Structures are given as C-alpha cells and as structure tokens.
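# Geometric and topological summary
Spelled out from the first residue to the last, the chains are:
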Amino acid sequence: MYINFNTTKPILIFAILLVSGFGSFSTLHAQDFNLHNPVSLPDKSQESMVRQRIGYTDISILYHSPATRGRSIWGGLVPYGQVWRAGANENTVFTITDDVEIMGNVLPAGSYGLHLLPEKEEWTFIFSKNHTSWGSYFYDAQEDALRVSVPVEKAPEYRDWMAFDFHQRDRGSASIFLTWGDLRAGFELKTDIDQLALENIRLQLRSDAYWEWFSWCQAADYCAQYNINTKQALEWIDRSIAMQENFSNLDVKAKLLNQMGQKSAAEEVMARAIEVGVPLYLERYGRRLMRQDNNQEAIFVFQQAIKKDPSYWRAHFNLGNALEATGKMKPAQKAFKKALEAAPSASKGAIQAKIK
C-alpha cells in the first residue's frame, strides 16, 4: 500500500495507519521506518552479563535474559531439535582471554556466539566463530568452533528469568550452567593455570620486579605452594637471598629443598632463617609449627623470638600455648604471666582467662 505523506488530510492518514496495523504506538519499532534517531526503550529481555576470573583468565557471558511469563519453555517456546541463541535478541557472546579446555576440548582465546541445541535428555552447547549476528537466525554449522553435549538436570530452584551462573569454582576451573524454568545444564571449563602463571611470572620478572628481592621471593613461594617448577624456583629464591637475606626468602628456600627431598639442607637453611629472623616472623613461624602439631619445635622458635625481644608479648603468649599443648603447665603459666605484663589493655582479658 502506498501512502502519500504530502496529503493535506492528516485525519485520513491516521485512519489508514490504524487499518494498516500501525495505530498501536507500543508496537512501533525503529526498524520499520527510515529513522536516524530512534528513542531507546527498555528491553523486555534485559541485558545481563556474568564474569569470572580463573587465575589470569577472564571469562564473560553477555546475553539477554528472557522471562517465562507463564509460557511452556522447553519443547514449547524453545523447540527441541532446533538451534537456539541461548538467550534473547542479539547473539549470546562467550569471551575468554586465554585458551581453555571445555569438557576435554580446547577452545582458543576469543569471543564466540554461544548457541544451544536442546533435546529432552541432552543439551548441546555450540561455540560459533561468528559472534556478531542477530540471534541464531544466521547460524551456520560450518562456523562452529566447538560443540559439547551434556545431560539435562532438574534445576535446584525454578528460575523465571533465564540465567548463566558460575558454579564449583576452583583455582583453575569452574562449571558454567544455563538455567531457565525448572531445567538446567552446564559444562566444565579448565585453564592451564600453572603454565599461564609461570608465563606471567617470568614476564613480570623482566620488568621493575627484577630489582626487588620480594618479587623473586614471591615467584619462588608460588612454586613452592603448588609444588611446580621447583628447579627454577630454587634459582629465583637464591637470587632473592643474594639481594637481601631474611627470614621470608630463607623460609621459602627451605620449603623448596624439602620438596626436592633435601631434608638436611632444608634444616640448615631454616636454622639460618631463625638466626636472622625478626621476632614478628619467628612468632608467626612458631604458630605455623603448632598448626602442624610440631609443638616442641614451636617452643624453641618462640624462645628465640623472646631472646631477641623480651617485651614481645605475643611470643610469650604463644610459648604458653605450646607448653600447655605439651603438658608443661607450670612453665605455661609462667609464660602467660609474662605475656600479661607486656600485653596491651585490650588483650589482657584473654590472657587472664588462660591463666585461670
């Protein structure tokens, strides 16, 4: 139907618009007209985003979240056997900043259009290299980067609005679930966190961190914590010690030597750490020994801290705890009383309770 908008009869034009189906202003859309400045209106399916960092890797899912609004979803609004955009409006976009492993398959870093192929018992998540199209209308299987099929399960709670969530996060992995209505399904994502960490650490040690003893100590301590890259970590900690010997880097070296099975060498290094350590670090080390049920060694360490600073009340207090743990009640009472003499007012109540 052709409408002459130059007519001098506006009432007739409005009547024609009503008959043509354009009379309800709530149904007008900018794409129906050649407009340059459309009014921005709220989306019925609100834009949502979930983001999680796993190690160094950022993972995000940008999507529009539709509501059930009383409709039958699976096998109804979302038909079985047809690719669906896993959301509403534009592509659902899945972005990762590093290569990851999804259900045993490698997915390179980048952005992907995330689609879903639902069936009654199984859903297939599709990661498409095309993430800029509108929904799944332009989906092409030849652009698939990865497909993973997973079983469907009952959702722990009914979700009126469709949502993506991160579950069961660990230092190098997470499970990601899509939930809508009373059903959900998800997939597990893993990163090679140790390899990524080492790559980043090595790069950082070539920057300003190169000149800091603490940076080399941090790097080596990370390796000791997760028992990785031990040989190079030992080189890093030796560099830290050469720059400034202290309790912290000697403690890390002892950990690495123990992991390499060099127990006697580790003991020698730890003896040196106690010799050069300030009372604060010795007291912390003593508490660590107590958590490891090594109370006898803890007693010795607390005593060394007290020799260096007789007024350090925390060392006296924890010496009392270590003595009490070994059944030496009279020496423990004496240590608690020494702690009470030097402790600030706010801490005296706890010490007095111990003495009682």
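In case you missed it, the structure is sitting above this.
An account of the accompanying structure is given in this report. What you see is a predicted model; the values in this text were computed from it and never measured. All residue numbers refer to position in the chain's written sequence, counted from 1. Owing to the predicted nature of the model, reporting of local features is limited to residues with pLDDT of at least 70; listing and counting of side-chain atom pairs is limited to 80 or more, with chain, interface and lining totals taken over all residues. Hydrogens are left out, water is left out, and the side-chain values use all remaining heavy atoms of the structure.

## As for the packing of aromatic side chains
Note on aromatic pairs: the rings of Phe, Tyr and Trp (six-membered ring only in Trp) are paired at centre separations within 6.5 Å, and the planes decide the class, stacked below 30 degrees, edge-to-face beyond 60, tilted for the rest. All chains considered together, the criterion is met by 17 aromatic pairs. Summarising the aromatic geometry, the rings of Trp74 and Trp84 are spaced 5.8 Å apart at their centres and angled 85° between planes, so their arrangement reads as edge-to-face. Here Trp74 is found in the loop between strand 2 (57-65) and strand 3 (92-96), whereas its partner Trp84 is found in the loop between strand 2 and strand 3, with 10 residues between them in sequence. The structure contains a cluster of three or more aromatic residues connected by ring pairs, namely Trp74, Trp84, Trp123 and Trp180. Lying across the ring of Tyr226, Arg171 places its NZ or CZ 3.6 Å from the centre. Two conditions define a charge sitting above a ring: the NZ of Lys or the CZ of Arg must be within 6 Å of the ring centre, and it must be within 35 degrees of the ring normal. Note that Arg284 overlies the ring of Tyr281, its terminal NZ or CZ placed 5.5 Å from the centroid. Under the scheme used here, helices are H or I runs from DSSP no shorter than 4 residues and strands are E runs no shorter than 2 residues, and both carry numbers assigned from the N terminus.

## Quick notes on the sheet that holds strand 2
The 6 strands are arranged 1-2-3-6-7-8 in an open sheet whose pairing can be described as antiparallel. On the outer flanks of this sheet lie strand 1 (46-54) and strand 8 (144-151), each paired with one strand and no other. Each neighbouring strand pair of the sheet contributes to a mean axis angle of 20°, computed without reference to strand direction. When strand 6 (residues 110-118) meets strand 7 (residues 122-128), the two strands line up antiparallel, connected through 6 bridges. Should DSSP find at least two bridges between two strands, the strands are taken to pair. A fitted line through C-alpha atoms serves as each axis, taken over the contacting stretch for helices, and the angle formed by two N-to-C directions is quoted from 0 to 180°.

## Things to note about the pattern of salt bridges
Think of it this way: side chains of opposite charge can pair up when their charged atoms draw near. Just to be clear on terms, a salt bridge is a Lys or Arg side-chain nitrogen sitting within 4 Å of an Asp or Glu carboxyl oxygen. Per the stated rule, a full pass over the model turns up 14 salt bridges. Across the salt bridge formed by Arg147 and Asp144, the nearest N and O atoms sit 2.8 Å from each other. The exposure class of Arg147 is partly exposed, given its relative accessible area of 39%. Via salt bridges that share partners, Arg51, Arg53 and Asp58 belong to a single interconnected network. For every residue, the accessible area (1.4 Å probe, protein chains only) is compared with the maximum for its type, and the residue is labelled buried under 20%, exposed over 50%, or partly exposed between those bounds.

## Topic: a negative patch on the surface
Residues Glu101, Glu188, Asp192 and Glu199 make up a contiguous surface patch of negative charge. By the element assignment, Glu199 lies in helix 2 (residues 193-204). Grouping into patches uses exposed residues only, defined as over 30% relative accessible area, and leaves out salt-bridged ones; the cut-off is 9 Å for like charges and 5 Å for nonpolar side chains (Val, Leu, Ile, Met, Phe, Trp, Tyr). Throughout, the Shrake-Rupley method with a 1.4 Å probe supplies accessible areas, and for residues the shown protein chains are the sole cover considered. His is not counted, nor are the chain ends, whereas Lys and Arg count as positive and Asp and Glu as negative. Charge placement uses NZ in Lys and CZ in Arg. For Asp and Glu, CG and CD serve respectively.

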